[in-house]
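Given next are the chains, with one letter for each unit.
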Amino acid sequence: MAKVVIIGAGFAGQTAALYLADGLNTRKHQITMINKYDSFVYTPSLVWVGSGTMKVGKTQFPLRPVYERTGIHFIQGTATEVHPDEKYVVVERTDGSGTVQANYDYIVIATGARLDFGATPGLGPHAEGETMSICSPPHAVQAWNKLDTMIKRLHQGERLKFVIGAGFRGATCQGAAFEYLSNIHKILVKEGVRDQAELLWFSNEPKLGDFGIGGGRGSYHGKLISTEDFVHAIFEDTGVKWQIHRSVDKVEKGRIFWEDENGKHGETNFDFAMLLPGFAGPKIQYIDKDNNNITTKIADAGGFVKVDATYGLPHAELKNRPGAWPAWYQNPTYPDIFAAGIAFAPPGTVSEPHTTPNGTVIVPAVPRTGMASGIIGRVVAKNIVSLIKHGRMGHNERMSEMLTICIASMGSSLWDGLASTLVVYPVVPDRRKYPNEGGRHLSITQMDIGLSGAWMKRMLHTTFMYKLKGYPGWKIIPE
Ligand SMILES: Cc1cc2nc3c(=O)[nH]c(=O)nc-3n(C[C@H](O)[C@H](O)[C@H](O)COP(=O)(O)OP(=O)(O)OC[C@H]3O[C@@H](n4cnc5c(N)ncnc54)[C@H](O)[C@@H]3O)c2cc1C
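Residues numbered from 1 in each chain as written. Predicted model: local features only at pLDDT ≥ 70, side-chain atom pairs only at ≥ 80, totals over all residues.

(A) Representation of the site of the ligand. As a matter of local geometry, the ligand sits amid 35 residues, with Gly8, Gly10, Gly112, Gly341 and Gly370 nearest to it. Listed by contribution, the elements that provide at least two residues to the shell around the ligand are helix H1 (11–23), strand S2 (30–35), helix H2 (46–50), strand S5 (73–83) and helix H9 (370–390). Classifying every residue of the shell around the ligand by side-chain character gives 21 nonpolar, 12 polar and two charged. (Near = placed C-beta within 6 Å. Helix = DSSP H or I, 4+ residues; strand = E, 2+ residues; numbered from the N terminus. Nonpolar A, V, L, I, M, F, W, Y, C, P; charged D, E, K, R; others polar.)

(B) Broad picture of helix H4 (residues 137–155). In this model, H4 (19 residues) spans 27 Å end to end at C-alpha, consistent with the 27 Å of a helix rising 1.5 Å per residue. For H4, every residue scored as buried is listed here: His139, Ala140, Ala143, Trp144, Leu147 and Leu154. Seen from one end, H4 has its buried residues packed into an arc of 130°, which puts them on one side. Away from its buried face, by an angle of more than 90 degrees, H4 presents the exposed residues Pro138, Asn145, Thr149 and Lys152. Against H2, strand S10 (160–166), helix H5 (174–190), strand S11 (197–202) and strand S18 (272–276) lie the buried residues of H4. Two residues or fewer after H4 comes glycine 157, characterised by a positive phi angle close to 100°. (Expected span 1.5 Å × (residues − 1). Buried ≥ 20, exposed ≤ 12 C-beta atoms within 10 Å, placed from the backbone. Arc of directions from axis to C-beta. Contact = placed C-beta atoms within 7 Å.)

(C) Local environment of the sheet that holds strand S15 (residues 246–252). Taken in spatial order, the three strands of this open sheet run S15-S16-S17, and their pairing is antiparallel. Edge strands, defined here as strands with exactly one partner in the open sheet, are S15 and strand S17 (265–269). In this sheet, neighbouring strand axes are inclined to one another by 30° on average, regardless of whether the strands run parallel or antiparallel. As paired strands, S15 and strand S16 (residues 255–260) are joined by six bridges and run antiparallel to one another. Within S16, the residue paired with glutamate 252 across the bridge is arginine 255. (Pairing = 2+ DSSP bridges. Axes fitted to C-alpha atoms, helices over the stretch in contact; angles between N-to-C directions.)

(D) Fine view of the environment of threonine 355. Along the chain, the position of threonine 355 falls in strand S22 (residues 354–355). Residues threonine 355 and asparagine 262 lie 93 residues apart in sequence; the distance between their C-alpha atoms is 8.9 Å.

(E) Geometry of the pairing of strand S24 (residues 404–410). Among the seven residues in S24, six count as buried, and that is most of the element. Strand direction decides the pairing type here: S24 and strand S25 (residues 418–424), joined by seven bridges, are antiparallel. From the neighbouring strand, cysteine 406 faces S25, where its bridge partner is leucine 422.

(F) Main features of the sheet that holds S10. One open sheet holds the four strands; their spatial order is S14-S11-S10-S18, and the pairing between them is parallel. Looking at the sheet topology across the chains shown, the edges are occupied by strand S14 (241–243) and S18. Pairwise comparison of adjacent strand axes, ignoring direction, gives a mean angle of 20° for this sheet. Strand direction decides the pairing type here: S11 and S14, joined by three bridges, are parallel. Each bridged residue has a counterpart across the sheet, and for leucine 200 the counterpart in S14 is lysine 241. Against the sheet, H4 engages S10, S11 and S18, with an angle of about 150° to S18. Relative to S10, H5 is tilted by about 160°, and along the sheet it contacts S10, S11 and S18.

(G) Structural detail: the environment of isoleucine 164. One can find isoleucine 164 in strand S10. Distance in space between the C-alpha atoms of isoleucine 164 and methionine 456 is 24 Å, their sequence separation being 292 residues.

(H) View of the nonpolar core. One finds Ala16, Leu20, Val305 and Ala340 to be the most contacted residues of the largest nonpolar core, which totals 137 residues. For leucine 20, the residues in contact, after removing those within four places along its chain, are Val4, Ile31, Ala381, Ile384 and Val385. (Core = buried A, V, L, I, M, F, W, Y, C linked by C-beta atoms within 7 Å.)

(I) Representation of the pairing of strand S1 (residues 3–7) in the model. Counting buried residues in S1 gives four out of five residues, a clear majority hidden from the surface. With five bridges connecting them, S1 and S2 associate as parallel partners. Each residue of the ladder has a partner; that of valine 5, found in S2, is threonine 32. Between the parallel elements S1 and S2, the chain passes through H1 in a crossover that is right-handed. Two strands pair when backbone bridges link them, and S1 and strand S8 (residues 106–109) are joined in this way by four bridges, in the parallel orientation. Bridge pairing in S8 places valine 4 opposite tyrosine 106. (Right-handed = clockwise from strand over helix to strand, strands pointing away.)

In structure tokens:
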């Protein structure tokens, strides 16, 4: 009997769990999921929760019934330690009933991002924080409550400023913030108060439309355009202003203090701000058989698990080495440890890093989106099944071989909604295979805007929730 433990029931971990249960006889082998909460959260729809167009309950489903049906053992708790020599995980149960030990032959770390508000003083919706977040269900509810108050104030004739974007010099997930901004624009138009609101895109991106993937060019209705021109046109059309290539030093009530690319310091005021925090890895400690803490051997400084990538290359070299991106998502020191989704340590950024005269490095981290996380979860699970059954691995997919689709809605309505869609292939440019300036396939990489995108975005919500419940035919629905 083999034992497989997965930490984290998000896009990566839940996909991995379903593929493991599908590939292994769960009466013969034990698959254990460890997750802090007993519900799955469909994070992309938190944008709609934060803009008041979807109830938070609609973004979640209970995990236990899925695991009972598929034969997966479930521990609700937080993994705090991994002992890779003795192959066990220490879990603090969520109900406060103490710790439990889960043994494994293979482990998948799929813990997503820890929201590191602390990296930017004053950032976040907690007691000392001044800004909103839409990164978790309670945050998204809180953001909507605040936004609703703002809309009421606009109705009373006030003029207010809304600032949306990135609150940390290395923050990623710009697509989610961009979508939130688009949704706020749409609500304000619907409410008839858009004229009284100033909307500002505030980001660490070197250019508009960078999105942490270095921007690039693609087809738009048969013409080649850049993502910069695409986003520029949307902002011009919707009256959104922007401040980019900025690192947030700190936030105080109604004021964002920043440093720009030239090292100049300044401030931007706001009435409502939703700024994404930096992402960090989980606070899991790795302990060896002699009780030494070997976390720095397994994870990078941010807490992300090191895998089969080539680390330490300067950006100029990494950008021409698509093979430096991991293929198997397997830890080189302990090959029975895999990391999937946001939890794996990327070898660097895709966007161009910039160091200001003050030594501040401003660069968005590469987004490991829901789609990429799901694909990696599948690759890892299939390899573990293959290792258990045949003693070897056979599946790999680098982000430099992966397609991604980002759909940013503008409202959730299927009648008058709108969405901008960005299809990018590959996510990480491959300048050897596609020797154009951007390193991407120029006809697969596409941009569009229209009602069909809004239908797609709504459909993704329903089909992904269906797939991740492991209902009949779930495997046909691609990650
Ligand atoms: C507002 C928003 C909108 C987004 N929109 C899109 C979109 O439209 N399309 C898209 O592709 N991507 C989108 N993303 C990104 C997408 O949500 C992430 O890429 C995806 O969730 C990453 O999956 P994951 O499995 O790595 O992590 P997660 O989905 O975050 O899952 C991690 C899980 O691990 C659990 N966990 C963490 N630490 C521990 C621990 N120590 N012990 C036990 N459990 C633990 C967490 O509770 C969680 O359940 C969006 C993100 C946000 C914030």
